[in-house]
Amino acid sequence: MNYKIDEIEIKNLDHLGIVAGIVDEIGIVEKVNELLGTDSREKINCGEVVKAIILNGLGFVAQPLYLFSNFFKDKAVEHLLGAGVKAEELNDDKLGRVMDKLYKYGLSNIFLIIGLEVIKKYKVSTKYSHLDSTSFHLHGQYNNRDRDETEEQRLEVTRENPIFITEGYSRDHRPDLKQCVLDLIVSSDGDIPIFIRGGSGNESDKAMFGKILVEYSQQADFESIMIADSALYSAKNLILIKDLKWISRVPLSINKAKDLVRTVKSESLKDSSSKGYRYSSSQVTYGGIEQRWMVVESEERKKSDSKKILDRLEKEAEKVSKEINKITKLEFEQVSLALTEIEQIQARLKYHQIVQIETCIHINKKGQEIYTVTCKAIENKELVDDIKKQAGRFILATNILSETELETSEILTVYKQQQSCERGFRFLKDPLFFADSLFVKNPERVETMMMLMGLSLLVYTIGQRQIRNSLKTRKSSIKNQLNKATDRPTLRWIFQYFQGIHYFKLEGIERISNLTEERCRILEFLPEACQKYYSAT
């Protein structure tokens, strides 16, 4: 039987049914509409637009958001977003209006509301929360708000004013570009993002981390032990978060920390439950806050640090040898000039000292008195020994003094899970994700975009956690990229495996093509909300 072209509809579905199903199960569309409201005159509501943005973001086809409507031209839009929704309705104007509504309501508030719902629904452990930040570089010009506002106003966590797109410390190693900052709090249970915040490009973690944790604790309806790197650790921040429970790395720029790392004897270190680590614990007071400090020595890091020290010693020894050889051949009109040259060389040295300095007087061919100098460089043994003692060592601190509540050995274990934030940042900065470099045109939209990126990360991490938990509970596995059985697949791999699935409609009857037996088996480990998108009617 021959069919007319307009009787057949064939669209790409691929892995987008999985994404749509997770969005549905979380309830993002309903929650966004509850917060922003709906208008019966609209063909597509705000929640559906946010869902479409997440589908675009997790499409993994290097299709940036400024090509939003193009992304949906070959997709099963009605199947994914609802009957009557057309690709052409997902245009730039609609996208912009929804982004402006999200911004006006309060981006961090929206994200935290959804995050708290996720925690309850999926029983995500909140015993530990990890805070970290990263930067995103941007191209083009941005119209920043009034620069005459006070420093205090700039550092407000909750605000109506947009962020500054400006130069700052670039974690992307692109100091030539303007940037913005993204602060992220995740649970150690599945790397689930709970709180997200956009910041100005020149913002200091040290200035903001304490304020962010206070803001977070006031809005969250649970108690959590907060974990952050050394940017949190300052006397001012410790006072600010004195009512919270926290774990932080102590910067060795603090004299008390530097002395402790240097003076702790190797024989006093205990083996940690984390292989390759040893530690020693003591109770100290810093910034008026009583706390436990844990000196940690990493075997692997000690080897690495020791090798770096030797390399630096050798390079400096070679360099100073050349400089001494050069200076001994010079002639000076005054002794003071010769000694000044020596002082300048010494000032550039870190690991060596210049000793045995001798000056000699000579008469040159013109009958004038001139001076030469000889000297020798030796290793600054006391300094080098101190540095070697610190090799592989760092300090972790907590204000939880009770071993019963938090064992010392557990402090290291949970701090190492700080990589949860790093994994989130790597995901957001992946070139296949729509935010490898931001492209929207004003600070408000940039900040909104970062929140939407966070929602995409939330959907991804929940999906990955769900399939891993399902495989573990049912003591099953699926094959990974290397054709080996695993019960901890990445959701990215699942997405890749579902490429080539199509939705088609013939004479009003819907069908899904290329849904192999193995793909059907994988769907069994995903929520029912995902499975429905791969079921024919």
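Thresholds applied
- Sequence positions are assigned chain by chain, starting from 1 and proceeding in written order.
- With the structure being a predicted model, the display of local features is reserved for residues of pLDDT at least 70 and the display and counting of side-chain atom pairs for 80 or more, all residues being used for whole-chain, interface and lining totals.
- Processing note: side-chain calculations cover all non-hydrogen atoms of the structure and skip hydrogens and water entirely.
- Should DSSP find at least two bridges between two strands, the strands are taken to pair.
- The way it works is that DSSP assigns letters per residue, a run of H or I at least four long becomes a helix, a run of E at least two long becomes a strand, and they are numbered from the N terminus.
- Each axis is a line fitted through C-alpha atoms, and for a helix only the stretch in contact is used; angles between axes span 0 to 180 degrees, taken between their N-to-C directions.
- Three exposure classes are used, based on accessible area relative to the maximum for each residue type with a 1.4 Å probe and protein chains only: buried under 20%, partly exposed in between, and exposed over 50%.
- Throughout, the arc means that of the directions going from the helix axis to the C-beta atoms.
- Any two residues whose heavy atoms approach within 4.5 Å are treated as being in contact.
- When a carboxyl oxygen of Asp or Glu is within 4 Å of a side-chain nitrogen of Lys or Arg, the pair counts as a salt bridge.
- What goes into a patch is any residue over 30% in relative accessible area without a salt bridge, connected to like charges within 9 Å or, for nonpolar side chains (Val, Leu, Ile, Met, Phe, Trp, Tyr), within 5 Å.
- Only the protein chains shown count as covering a residue, and every accessible area follows the Shrake-Rupley method with a 1.4 Å probe.
- Note that His is not counted, nor are the chain ends; the positive residues are Lys and Arg, and the negative ones are Asp and Glu.
- Lysine's charge is taken at NZ, arginine's at CZ, aspartate's at CG and glutamate's at CD.
- By the criterion applied in these results, polar contacts are pairs of N or O atoms within 3.5 Å in which, for protein atoms, one can donate a hydrogen and the other can accept it, and in which residues neighboring in sequence qualify only through two side-chain atoms.
- By the definition adopted for this analysis, an angle is roughly parallel if under 35 degrees, roughly antiparallel if over 145, roughly perpendicular if from 65 to 115, and oblique otherwise.
- Classification used: nonpolar for Ala, Val, Leu, Ile, Met, Phe, Trp, Tyr, Cys and Pro, charged for Asp, Glu, Lys and Arg, polar for all others including Gly.

1. Points about the sheet that holds strand 1 (residues 8-12)
Here comes step 1: Taken together, three strands build an open sheet; the order of strands is 1-15-16 and the sheet is antiparallel. Edge positions in the sheet fall to strand 1 and strand 16 (509-513), since each has one partner strand and no second. Between one strand and the next, the sheet's axes are offset by a mean angle of 20°, whatever the strand orientation.

2. Some words on helix 11 (residues 255-263)
Here comes step 1: Taken together, the buried positions of helix 11 are A257, L260 and V261. Buried residues of helix 11, seen end-on, are gathered within an arc of 95° and therefore sit on one face of the element. Seen from the buried face of helix 11, the exposed residues on the opposite side, beyond 90 degrees, are N255 and T263.
Here comes step 2: If you follow the buried residues of helix 11, they end up packed against strand 6 (245-250), strand 8 (277-286), strand 9 (289-298), helix 14 (381-390) and strand 12 (393-398).

3. Structural notes on the pattern of salt bridges
Here comes step 1: With the rule as written, the count across this model stands at 33 salt bridges.
Here comes step 2: A salt bridge links K303 to E299; the shortest N-O distance between them is 3.8 Å. With K303 and E299 both in helix 12 (residues 299-327) and four residues apart, this pair spans about one turn of that helix.
Here comes step 3: Residue classification places K303 among the exposed positions, given a relative accessible area of 57%.

4. A short note on the sheet that holds strand 2 (residues 128-138)
Here comes step 1: Ordered in space as 4-3-2-5-6-12-9-8-7, the nine strands form an open sheet in which the pairing is mixed. With one partner strand each, in any of the chains shown, strand 4 (193-200) and strand 7 (270-271) form the two edges of the open sheet.
Here comes step 2: As judged from the four bridges shared by strand 5 (residues 225-228) and strand 6, these two strands associate in the parallel manner. Counterpart to M226 in the pairing with strand 6 is W246.

5. Quick look at a positive patch on the surface
Here comes step 1: A contiguous patch of positive charge, built from K308, R312, K315 and K350, is present on the exposed surface.
Here comes step 2: Inspection of the secondary structure puts K315 in helix 12.

6. Topic: unusual backbone geometry
Here comes step 1: Its identity is not glycine, yet D14 carries a phi of approximately 50°, on the positive side.
Here comes step 2: Along the polypeptide, D14 turns up in the loop between strand 1 and helix 1 (16-26).
Here comes step 3: D14 gets classed as buried once you look at its relative accessible area, which sits at 12%.
Here comes step 4: Although it is not a glycine, D191 adopts a positive phi angle of roughly 60°.
Here comes step 5: In this structure, D191 sits in the loop between strand 3 (178-187) and strand 4.

7. Some words on the environment of L330
Here comes step 1: Checked against the element boundaries, L330 lands in the loop between helix 12 and helix 13 (335-347).
Here comes step 2: On the basis of relative accessibility, which here comes to 35%, the residue L330 falls in the partly exposed class.
Here comes step 3: Residues L330 and Y371, 41 residues apart in the sequence, show an inter-C-alpha distance of 8.5 Å.

8. What to know about the side chain of S272
Here comes step 1: Relative to the assigned elements, S272 resides in the loop between strand 7 and strand 8.
Here comes step 2: For S272, a relative accessible area of 12% corresponds to the buried category.
Here comes step 3: Within polar-contact distance, the side chain of S272 engages the backbone nitrogen of S274 at 3.0 Å.
Here comes step 4: Excluding residues that lie within four positions of it along the chain, S272 makes contacts with Y277, R278, Y279 and L412.

9. Re the packing of helix 7 (residues 107-122) against helix 17 (residues 443-473)
Here comes step 1: For the pair helix 7 and helix 17, interaxial distance at closest approach is 10 Å and the crossing angle is 10°. One way to sum up the angle between helix 7 and helix 17 is to call them roughly parallel. Listed contacts from helix 17 to L107, I110, F111, I114, V118 and Y122 of helix 7 are E447, T448, M451, G454, L455, L458, I462, R465 and Q466.
Here comes step 2: Here the residues of the contact of helix 7 with helix 17 are counted per class, giving 10 nonpolar, three polar and two charged.

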